[in-house]
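Take a look at the letters that make up each chain.
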Amino acid sequence: MSVLSVVTWAAVAVLVVGSPIVFVWFLFDVGKILHGPASEPGEREGER
Amino acid sequence: MTLLDHSIVVVYLVGMIVLGYAVSRSITGFRDYFVAGGRMTTPLLVCTLVSTYYGLDVLLGGSEIGYLDGVVSWFWYARPYYVGLLLVALLLAGRLRERDFLSLPDVADAAYGKGTRAVVAVASFFYSLPLFALMGMGVLLDVAMGLPFVWGVVIGAAISLAYTLMGGLMADAFTDTVQFTLMCVTLGIAAVLALDGVGGADALPALLPASYFDPQGTYPTAALLVFATGALSVFVEPGIYQRIFAATSRRAIFGALAIGIVLWSSYDWITALLGMTAQASGLEVEPRYALLTLVSDALPPGLTGLFVAGVIATGMSTVDSYLLIAGGNLAYDLYRPLVNPHISDAGLLRLTRWSIVLACTIAVAFALFFTSMVSAWVFVTAVLVGAAFVPVSAALFASRPLKATAGLASSLTGLAVVTLVYTLVNVYGTESEEWGTVIWTVRFDGRTFDVWQDYAVLAALPASAIAFGLGQLLGPERPRGRHGRPT
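Everything in this summary refers to the structure shown in the same document. This is a predicted model, so every value here is computed, not measured.

About the criteria used
- Residues numbered from 1 in each chain as written.
- Chains lettered and ligands numbered in written order.
- Predicted model: local features only at pLDDT ≥ 70, side-chain atom pairs only at ≥ 80, totals over all residues.
- Heavy atoms only, no water.
- Helix = DSSP H or I, 4+ residues; strand = E, 2+ residues; numbered from the N terminus.
- Buried < 20%, exposed > 50% of the residue type's maximum accessible area, 1.4 Å probe, protein only.
- Areas by Shrake-Rupley, 256 points an atom, 1.4 Å probe, with all protein chains shown as cover.
- Lys, Arg positive; Asp, Glu negative; His and termini not counted.
- Charge placed at Lys NZ, Arg CZ, Asp CG, Glu CD.
- Pairing = 2+ DSSP bridges.
- Contact = heavy atoms within 4.5 Å.
- Salt bridge = Lys/Arg side-chain N within 4 Å of Asp/Glu carboxyl O.
- Buried area = accessible area lost by both parts, 1.4 Å probe.
- Polar contact = N/O pair within 3.5 Å; in protein donor to acceptor, adjacent residues only side chain to side chain.
- Nonpolar A, V, L, I, M, F, W, Y, C, P; charged D, E, K, R; others polar.

1. Here we look at the overall build of chain B
Right, so step 1: Scanning chain B from terminus to terminus reveals 19 helices and three strands.
Right, so step 2: With the C-alpha coordinates of chain B rotated into their principal frame, the extents come out at 70 × 70 × 40 Å.
Right, so step 3: Each of the 487 residues in chain B was classed as buried or not, and the buried ones make up 60%.
Right, so step 4: For chain B, the accessible area works out to roughly 18300 Å², and carbon and sulfur atoms hold 66% of it.
Right, so step 5: Positive and negative charge centroids in chain B, built from 24 and 30 side chains respectively, lie 21 Å apart.

2. Remarks on the pairing of strand β3 (residues 447-452) of chain B
Residue and element names in this part refer to chain B.
Right, so step 1: With six bridges connecting them, strand β2 (residues 437-444) and β3 associate as antiparallel partners. The residue of β3 that forms the bridge with F444 is R447.
Right, so step 2: In this antiparallel pair of consecutive strands, β2 and β3, the connection spans two residues, and D445 shows a positive phi of 55°.

3. Side note on the side chain of S266 of chain B
Right, so step 1: Tracing the sequence through the fold places S266 of chain B in helix α13 (residues 250-280).
Right, so step 2: Look past the residues within four positions of S266 of chain B in its chain and what remains in contact with it is A11, V14 and L15 of chain A.

4. Side note on the pattern of salt bridges
Residue and element names in this part refer to chain B.
Right, so step 1: All chains considered together, the criterion is met by seven salt bridges over all chains.
Right, so step 2: A salt bridge links R243 to D172, with the nearest nitrogen and oxygen atoms 3.4 Å apart. With a gap of 71 residues between them, R243 in helix α12 (residues 238-246) and D172 in helix α9 (residues 149-196) connect regions that are remote in the sequence. Each member of the pair, R243 as well as D172, is classed as buried.

5. Considering the interface of chain A and chain B
Right, so step 1: Contacts between chain A and chain B engage 33 residues on the former and 48 residues on the latter.
Right, so step 2: When chain A packs against chain B, the two sides together hide about 3400 Å² of surface, and 69% of this comes from carbon and sulfur.
Right, so step 3: Summed over the shared surface of chain A and chain B, the number is zero salt bridges.
Right, so step 4: Connecting chain A to chain B are four residue pairs in polar contact (both at pLDDT 80 or more).
Right, so step 5: When residues of the side of chain A that touches chain B are traced back to their parent elements, those giving at least two are α1 (3-35) and α2 (41-46) of chain A.
Right, so step 6: In terms of residue count, the dominant contributor to the side of chain A that touches chain B is α1 of chain A (21 residues).
Right, so step 7: When grouped by side-chain class, the residues that make up the side of chain A that touches chain B number 20 nonpolar, six polar and seven charged.

This is the structure in structure tokens:
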């Protein structure tokens, strides 16, 4: 199997497997996103 | 397309509106509407960043270069963007979140005042009009479903507009999650089936010229430099800025950009490779539509509908996000500070929604009026980089106080040089079929030079930097407020 083939299969795997994983991760976060506290300017300053 | 394929596309379009409506009930004010109340976590940011920043221009443009020239599109057009995005994650995101900014022009305003804010806001507005995505949807709905081009553009715009108006960035981002998954998965499956048709990736070197596998392809060095320079746009990209401001934390945006780079690089590679596969399989079509033709031939019923929905998703996720930004440029960045600084939060929210309708109307009109928007897209990117890159970078990283004159001179000069070069090249140059751009052949001192219209940004950036330096050197000091900060 050539480098071209390995890189291509890796890219396909990232798209076909990786993106649904991110989507499922997002589903676990929905409650926090919709009902969690908003980040206010003061909190942003606190990140420094 | 079969009845099943059509049904999948219709279910997808209706689903986007329902999802947008469901999310819209959580909107309580402008901040909620425009930056999702700063509640966006890493996975939501990954979905919305990847799907928004990659539209039909990348899908069709990347595969077009792959079809004509091979892997050069990945190495010289896409790869510099990953470096830029990594620098945004490492250097820019933290600095942007140190202040209470909501938009790119806010950054210019804080450093230089309202004049530079207005110039950057106008550049951002034109950059954000989603003309190419609307035209792409018109073509796609025409090719795939037999709808007239005008109806394709209007339907694509109307559906994106509907849920963006209702739920702002949150609705946009929630629909982006579906669109992101759909566009990535369908492209990956399409690649497997299409490559199988030519004997796999290993068979491509025997079917294509060696130059298709040369990272530099056949492009002149200056053109490759222009490709790479385009990556500077990530440092002033309004969509990326908006998501940095909408993130729950600096860590969330850093993680999202890091994961995004892996997804973007995979998407770009597959897009280029599908263009090359179309060439290898002997398809003789308009290069821009090589990918669509190849994939629609390779996929079975059902999957074709899913792929068409995925391509529509690629376009809609760009249209909705940039309509929101363009509307915000008019209402929040221009009207509020320049005309009515005391507008209420509810008034600003209402005005932003009307501005989005206006931006959408202008975008649809332009998309229907022009026959080719590729050059216009390159032009508006050059306008944004020329007007905003130098002053905004200085605003974020300069250690000494900046003068209002420096910001204004820099942004206006960048804007003027881009416009001047484009005008000169288009008046005196000719359309090159070989390179797909306008080239002006200049004769000087017995020698000839080819000036591409795309080179405008190479002239605009140093001019903008010189104007900035002169403004900083010669401009008056900004008056100081009560606490020593420039007013």
